[in-house]
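# Tertiary structure, described
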There are 2 protein chains.
Amino acid sequence: MRTDLERFFNPRAIAIIGASQDLNTISGQPLKFLKSHGYQGRLYPVNPRYQEVADVKCYPSLAEVPEVPDLTLILVNASRVADVLRQCGAKGVPYVIIFTSGFSEMGGEGVKLQQELTAIAREHGIGVIGPNCQGMMNIADQVFAGFGSVFNADYEPGTVSMVSQSGGFGFSVLNLSSKDGGLPFRQMVTTGNEIGVSTLDFIDYYIRDPKTEIIVGYIEGLRDAGRLLEVGNKALAARKPVLMWKVGNTEQGQLAARSHTANLGGAMALYQAAFRQSGILQVEDIQDVVDYGRAFRCGRLPRGNRLAIITISGGAGILMTDECIARGMRVPKLAPETGDKLRSFVPAYGSLLNPVDVTAAIFNNTELIGLTLQAIVDDPNVDCVAMINASLQGELAAKVATQIVAGAARTDKPVFICWSARDAVAPEAYAMLDAARIPHYKSPVRCGRAMAALSWYAEALRRRDRQSTEKALTLGSATARKMLKGITADVTEYNAKRVLSEYGIPVTREALARSKDEALEAARSIGYPVAIKVQSPDISHKTEARAVRLNIASDGELASAYDEVLANARAYKESAQIEGVLVQEMIKNGVEAILGVTNDPLFGPAVMFGLGGIFAEVLKDVSFRLAPVTASVAREMVEEIAGYPVLAGARGRPPADVDALVDAITHLSALAIDLKDYISELDVNPLFVLPAGRGVKAADALIRPKTAETRK
Amino acid sequence: MRTDLERFFNPRAIAIIGASQDLNTISGQPLKFLKSHGYQGRLYPVNPRYQEVADVKCYPSLAEVPEVPDLTLILVNASRVADVLRQCGAKGVPYVIIFTSGFSEMGGEGVKLQQELTAIAREHGIGVIGPNCQGMMNIADQVFAGFGSVFNADYEPGTVSMVSQSGGFGFSVLNLSSKDGGLPFRQMVTTGNEIGVSTLDFIDYYIRDPKTEIIVGYIEGLRDAGRLLEVGNKALAARKPVLMWKVGNTEQGQLAARSHTANLGGAMALYQAAFRQSGILQVEDIQDVVDYGRAFRCGRLPRGNRLAIITISGGAGILMTDECIARGMRVPKLAPETGDKLRSFVPAYGSLLNPVDVTAAIFNNTELIGLTLQAIVDDPNVDCVAMINASLQGELAAKVATQIVAGAARTDKPVFICWSARDAVAPEAYAMLDAARIPHYKSPVRCGRAMAALSWYAEALRRRDRQSTEKALTLGSATARKMLKGITADVTEYNAKRVLSEYGIPVTREALARSKDEALEAARSIGYPVAIKVQSPDISHKTEARAVRLNIASDGELASAYDEVLANARAYKESAQIEGVLVQEMIKNGVEAILGVTNDPLFGPAVMFGLGGIFAEVLKDVSFRLAPVTASVAREMVEEIAGYPVLAGARGRPPADVDALVDAITHLSALAIDLKDYISELDVNPLFVLPAGRGVKAADALIRPKTAETRK
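Quick look at the structure, then.

Reading the values: rules and limits
Residues numbered from 1 in each chain as written. Chains lettered and ligands numbered in written order. Predicted model: local features only at pLDDT ≥ 70, side-chain atom pairs only at ≥ 80, totals over all residues. Heavy atoms only, no water. Contact = heavy atoms within 4.5 Å. Buried area = accessible area lost by both parts, 1.4 Å probe. Salt bridge = Lys/Arg side-chain N within 4 Å of Asp/Glu carboxyl O. Helix = DSSP H or I, 4+ residues; strand = E, 2+ residues; numbered from the N terminus. Nonpolar A, V, L, I, M, F, W, Y, C, P; charged D, E, K, R; others polar. Core = buried A, V, L, I, M, F, W, Y, C linked by side-chain atoms within 4.5 Å. Buried < 20%, exposed > 50% of the residue type's maximum accessible area, 1.4 Å probe, protein only. Disulfide = S-S within 2.5 Å. Expected span 1.5 Å × (residues − 1). Pairing = 2+ DSSP bridges. Least-squares fit on C-alpha atoms with pLDDT ≥ 70 in both. Axes fitted to C-alpha atoms, helices over the stretch in contact; angles between N-to-C directions. Polar contact = N/O pair within 3.5 Å; in protein donor to acceptor, adjacent residues only side chain to side chain. Parallel < 35°, antiparallel > 145°, perpendicular 65-115°, else oblique. Left-handed = near helix turned anticlockwise from the far one by under 90°.

## As for the interface of chain A and chain B
- Contacts between the two partners involve 60 residues from chain A, matched on the other side by 60 residues from chain B.
- Summing the contributions of chain A and of chain B, the shared interface buries around 4800 Å²; its carbon and sulfur component is 64%.
- At the boundary of chain A and chain B, one finds 0 salt bridges.
- Secondary structure elements with two or more residues in the side of chain A that touches chain B: α5 (167–180), α10 (314–326), α15 (444–468), α20 (614–617) and α22 (644–648) of chain A.
- Here the side of chain A that touches chain B gets 7 residues from one element, more than from any other, and that element is α5(A).
- Of the residues assigned to the side of chain A that touches chain B, the class counts are 27 nonpolar, 19 polar and 14 charged.

Right under this line is the structure:
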């Protein structure tokens, strides 16, 4: 399939199969809009019923079109699409947009029809966009190949390019953002059911397109999600921010998964991990696209997350502070020398703390604005600056804007403005800010949110730089692979922990006993107290089966416990094949954690971390990353959960051995990659994190092999 | 102080002390704007330097003004405000707006000046608005008594009234909401440092004002927060929604508080409890005011939280679903008969699930929209309906709007529209929806958010109805009051639990032993295993002092443990006064919870609930309510924490005795009220919640008395 999409966005000729003479219908609109927006290439409507459509010569079939069009639009009924697509293949058409609905979104017969299209496209190497989509706009080059109300309007070309799996919503975003939001778009494509050229193909193209600066995506799901990290990192390297909707998060199919790790994740956790790992910014509403787009157009990035706020409205300053802190920025103390400078002109009833409340008084002498800005941007504790002008308007507004533009020109720190005057009453001021690419917002919350997005992205770039020097651990174990080869049943604790050991993850001291005597011998060698657990591939939930006894203190206790757990196991499941009884050291003073691997069919192996028990299972307080996970990423995983203070030493506990925990996560990541063809899920639950310097120990583990059943 | 604010908003005469002839200065603007907006009453500028200001006769002093003005505006320097306020008192002026800055916001001398103003106002019974504020607008009656850019504009009068502690931000909200947002305001007042007439006084007035339908507030803090519940409930009774900003939430002063309960709360937790208990809707941005305001103007409330979505854009439908579910609504399955009706005209490639994707095809015959709407609103599983029209525009838009208006008229369920066409391309359609009071939004997220707000409010009304028949428990204990009277030191476990017992909260079986023999006797009577704990008012953190031993199994163990904990206590604090050693039963199989009381200087007594230990302290997973707490409210408290599944029986645990827990909370609420003059904080930590039917038991408790120190 072709993915060099230059010819798709700039086709020299376009055929329109199923073009209608009624230009208001869906099959009439593409030709109408191509013409009305001044498309420069050649147009070939195809429809055996007409001689011409909209004054353009019409052909009875694609075969008779006198050249190979770079792009063909298919507007025929669902039942005829496969035939037409074959004709495109025979003709050698590189790109096709299938607008028609009635495929997989319909279920049943539609799914089969769609599979047929996929096969035809693959056979002929056609780049298919759609089906069930609304087309494409290349605003910069006047190619309006689609239908819908939004095609009626003319658009100023910009530097934002978007790809959307939803036609209606995607074009609403384009229309509202560029018209009402003042953020002009360059290119837009909707991919519908996305059987051919994918969202990631388009993002990849936009990264290479020299005139695209900001990329926007709307996805419901990606068939090629495994490429997300690679494409996201390419965008980071190109310094083109990717703003992304991921919708449909409420009912992600967590049904099939049976292990803790898979239950806790679901697709959304992996999407979010990929977004975070590759600096893709999630957006929640149309306004975010506009606000973040304006932020990125300033062309500056803060060196850190420290914000200084200059305000004439105390209230707006507090609102912005709340919003920015909630989104990970800091509003730190200013350097003492900054206070000294400000004190000379800020009224005594103002505030020299951050936010700096300069009060409306300084607008009596607008030159003070320049001095204030200078003092703030010179502050070594400040990475970016926001100025809040309330509803200032008219002549005064223009004067203030002049000072802001001059002040912002003297620094490379981002300067953002919250200015609540309506457009109608401060047009000159806003035009000056726009010309100087100084982002401005009507609401302190929106302004704060946009700054936080810029700051988050700058941090993603810094993180990428830091981590680019870090190598991910790779480990290989032929022993482990041999142990797991061909296995279809769950791997029980003893063997699962032997696998962990192969990859250097510490496990409890233990021995598998096949008789009471072996158990007694093992216990004496390990040292009391011990735990014992029946090992059976048929009993995954040992506690539920009462096949576990903890804190056994003596030979006598062990002897009776041994009989008891075996009897319980048999009572629980008479037919259970019993491998033996695991005798295990008891771990004290450890914090219970849980580690996991989920080997997703789309994303590949991912690693999970959380605190054990209720934290993970009830509160879902866990972190995910796609493998490989380097040490610094593992540390992020540990530090980002809400329960982290438990490890850091909350409630008078000694700090736990976070270094060893980080180490275990990187080793688990290496395991996940080495065994990705063998395992579908792995739980280490619990992993005891001992006090600092004393390491970690896996006390139980379960491996679910990658059988045919789970591979689907 | 006067709080019947009719005369404030409709003054027959206004004096302006410190009026300037330069009408562009702050002290010149109020007179200018009163005149330019057509104020109908009499105006008396007061300034000894002028004969007239802006063609209005000027008086040398307030004494010489020929009548008692209903309202006086004070615009003189801070140092002169007190004198002028005394003159207002002498004249008998009922209401005064002090615009001047330089008071408590400045600290130091400003604080003292402000205290003086407060005293003068009280002495003369003057209703003071301000100081440090931006004035008032009564748009409906053309009284524009303030300064700032926003006073330049004319406003259409509406039914929204606002009170704001921030001038700049408050007027920005008014200006943007009414001008750009199409939500016209009726009255607006800014209260600045709020030494006199308070935010709640104004809200109370707006509740009584027959022409105000929606109330908006912006607060940083309330001096009379204890009235919040009462005022909020009055607004609920009047069915006037209150939309409220509470800002400054990131650094609430949690420093002084030393107990867990107070640490976990801070003022914000109590504000939020009060908002929830009285149906006050929190807003986060200006757009919320516009969006929620439009929602409430529809004049309908849903009977439940079940939403049906009709869409022509699958993507927008998913976005709305995500947003609504995240905000507590449900998007349920439709009744089978609804599917049958829809099937007759929705294309096969559409979706009959909820969201119902009717596809653009039904717009070919707009009468189908009426049928669709009718089928959906008739569905017994549906309480409100949203329709998503993507970017439909022009003639078709008008036809669709006609159908929507007709369809909405046939039901009393709320019908909301998400319609992304720009205003310019669907003016007729939007005008029809506005005329029919059908709320419409450009973004599915904003539309969903507004519906969820309406739904939340409707639930608050239903909750109020349910709870109005419920009586709060009241209990009194002369014994407890006597125990606590005059006490200044923390009350230790043994006595704190005796207080709990007085109010019917079950505590562990225990005895205070003053010798080893007493301890042994107590242990035998309670039954081993037992715990022992040294009791000393000087040792609050018994565990830290190693003055606790758990799980003591025999006389021998007890004897040596007794000596050990006493020795540890003395080593920890040599001078500690030791009351004895508490011998206590060990509780097994209970879920550790924490209950608390915080007796806030502003709010009065409030009750807290959380799961014990790390849940409460690290994750802050707790719920607060102001006392009194009825049984159904206590149950809400229990069910709303994230860790609730632990009590409900997560991870194979037996369900805990939630009924007994609810009971304990209502008893604690009764205690908090009965002892509100005696205690400042109380912790029950842990409270063990035993399996269902077996009750709860307080295993430790601490009471911090209401001493002079904590009362400030």
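## Overview of the nonpolar core
- Residues Met137(A), Trp245(A), Met137(B) and Trp245(B) are the most contacted members of the largest nonpolar core, which totals 114 residues.
- Setting aside its immediate chain neighbours within four residues, Met137(B) contacts Val143(B), Phe144(B), Val150(B), Phe151(B), Tyr155(B), Phe171(B), Leu174(B), Arg186(B), Gln187(B) and Met188(B).
- Core analysis: the next-biggest nonpolar cluster, separate from the first, contains 99 residues, Ala480(A), Phe609(B), Ala672(B) and Val684(B) among them.

## Considerations on the state of the cysteines
Residue and element names in this part refer to chain A.
- As enumerated under the stated definition, the model contains 0 disulfides over all chains in all.
- Of the cysteine sulfurs around Cys88, a residue in no disulfide, the closest is that of Cys133, at 14 Å.
- Judged by its relative accessible area of 0%, Cys88 falls in the buried class.

## Examining helix α3 (residues 78–91) of chain A
Residues and elements named next belong to chain A.
- Along its 14 residues, α3 runs 20 Å from first to last C-alpha, staying within 8% of the 20 Å computed at 1.5 Å per residue.
- Considered for burial, the residues of α3 that qualify are Ala78, Val81, Ala82, Val84, Leu85, Cys88, Gly89 and Lys91.
- Elements in contact with the buried residues of α3: β1 (13–17), β5 (71–74), β6 (95–98), α4 (109–124) and β7 (127–129).
- Residue Gly92 follows α3 closely and has a positive phi angle near 85 degrees.

## Overview of the sheet that holds strand β10 (residues 160–164) of chain A
- The sheet built from 7 strands is open, its strands ordered β9-β8-β11-β10-β12-β13-β14 (chain A) with mixed pairing. Across the chains shown, the open sheet's two edge strands, defined by having one partner strand only, are β9 (143–146) and β14 (281–282) of chain A.

## Quick notes on the relation of the copies chain A and chain B
- Once turned by 180 degrees and shifted 0.0 Å along the axis, chain A lies on chain B with an RMSD of 0.1 Å. Both chain copies can therefore be described as sitting about a two-fold axis. For chain A, the residue whose C-alpha comes nearest the rotation axis is Phe615(A), separated from it by 4.3 Å.
- A shared binding surface is used by both copies, with 100% of the interface residues of chain A retained as interface residues in chain B.

## Comments concerning the sheet that holds strand β22 (residues 548–552) of chain B
Residues and elements named next belong to chain B.
- Strand order in the open sheet formed by 4 strands is β20-β23-β21-β22, and the pairing between neighbours is antiparallel. Edge positions in the sheet fall to β20 (510–513) and β22, since each of these pairs with one other strand and no more. Strand after strand, the sheet turns through a mean of 20 degrees between neighbouring axes, direction not considered.
- Bridge count for strand β21 (residues 530–535) against β22 is 3 bridges, and the pairing is antiparallel. Each bridged residue has a counterpart across the sheet, and for Val530 the counterpart in β22 is Ile552.
- Relative to the sheet, helix α17 (residues 493–502) contacts β20, β21 and β23 (580–585), its axis offset from that of β20 by approximately 145 degrees.

## Some details on the pattern of salt bridges
Residues and elements named next belong to chain A.
- The full count for this structure, using the stated rule, is 82 salt bridges over all chains.
- Where Glu564 meets Arg549, a salt bridge forms, and the shortest distance between an N and an O atom there is 3.0 Å. With Glu564 in helix α19 (residues 555–572) and Arg549 in strand β22 (residues 548–552), this pair connects stretches of sequence that are 15 residues apart.
- The class of Glu564 is partly exposed, set by a relative accessible area of 35%.

## Looking at the environment of Tyr562(A)
Residues and elements named next belong to chain A.
- Secondary-structure assignment places Tyr562 in helix α19.
- For the pair formed by Tyr562 and Ala54, sequence separation is 508 residues and the distance between their alpha carbons is 88 Å.
- With near-sequence residues (within four places) excluded, Tyr562 lies in contact with Ala513, Arg514, Ser515, Lys516, Ala519, Ile532 and Val581.

## Overview of the side chain of Thr508(B)
Residues and elements named next belong to chain B.
- If you trace the backbone, Thr508 turns up in the loop between α17 and β20.
- Only 2.8 Å separates the side chain of Thr508 from the side chain of Lys497, close enough to count as a polar contact.
- Side-chain polar atoms of Thr508 contact the side chain of Glu510, separated by 2.8 Å.

## Overview of helix α19 (residues 555–572) of chain B
Residues and elements named next belong to chain B.
- The terminal C-alpha atoms of α19 lie 26 Å apart, and with 18 residues this matches the ideal 26 Å at 1.5 Å per residue to within 8%.
- Looking at α19, one finds that the buried residues are Leu558, Ala561, Tyr562, Val565, Leu566, Asn568 and Ala569.
- Looking at the buried side of α19, the elements it contacts are β20, α18 (516–526), β21, β22 and β23.

## Describing the packing of helix α6 (residues 199–208) of chain A against helix α7 (residues 228–237) of chain A
Residues and elements named next belong to chain A.
- Contact geometry for α6 and α7: axes closest at 10 Å, N-to-C directions at 20 degrees. In terms of orientation, α6 and α7 fall into the roughly parallel class. In the packing of α6 onto α7, the handedness of the crossing is left-handed. Packed against α6, whose contacting residues are Leu200, Ile203, Asp204 and Ile207, the element α7 presents Leu228, Val231, Lys234 and Ala235 at the interface.
- Split into classes, the residues belonging to the contact of α6 with α7 amount to 6 nonpolar, no polar and 2 charged.

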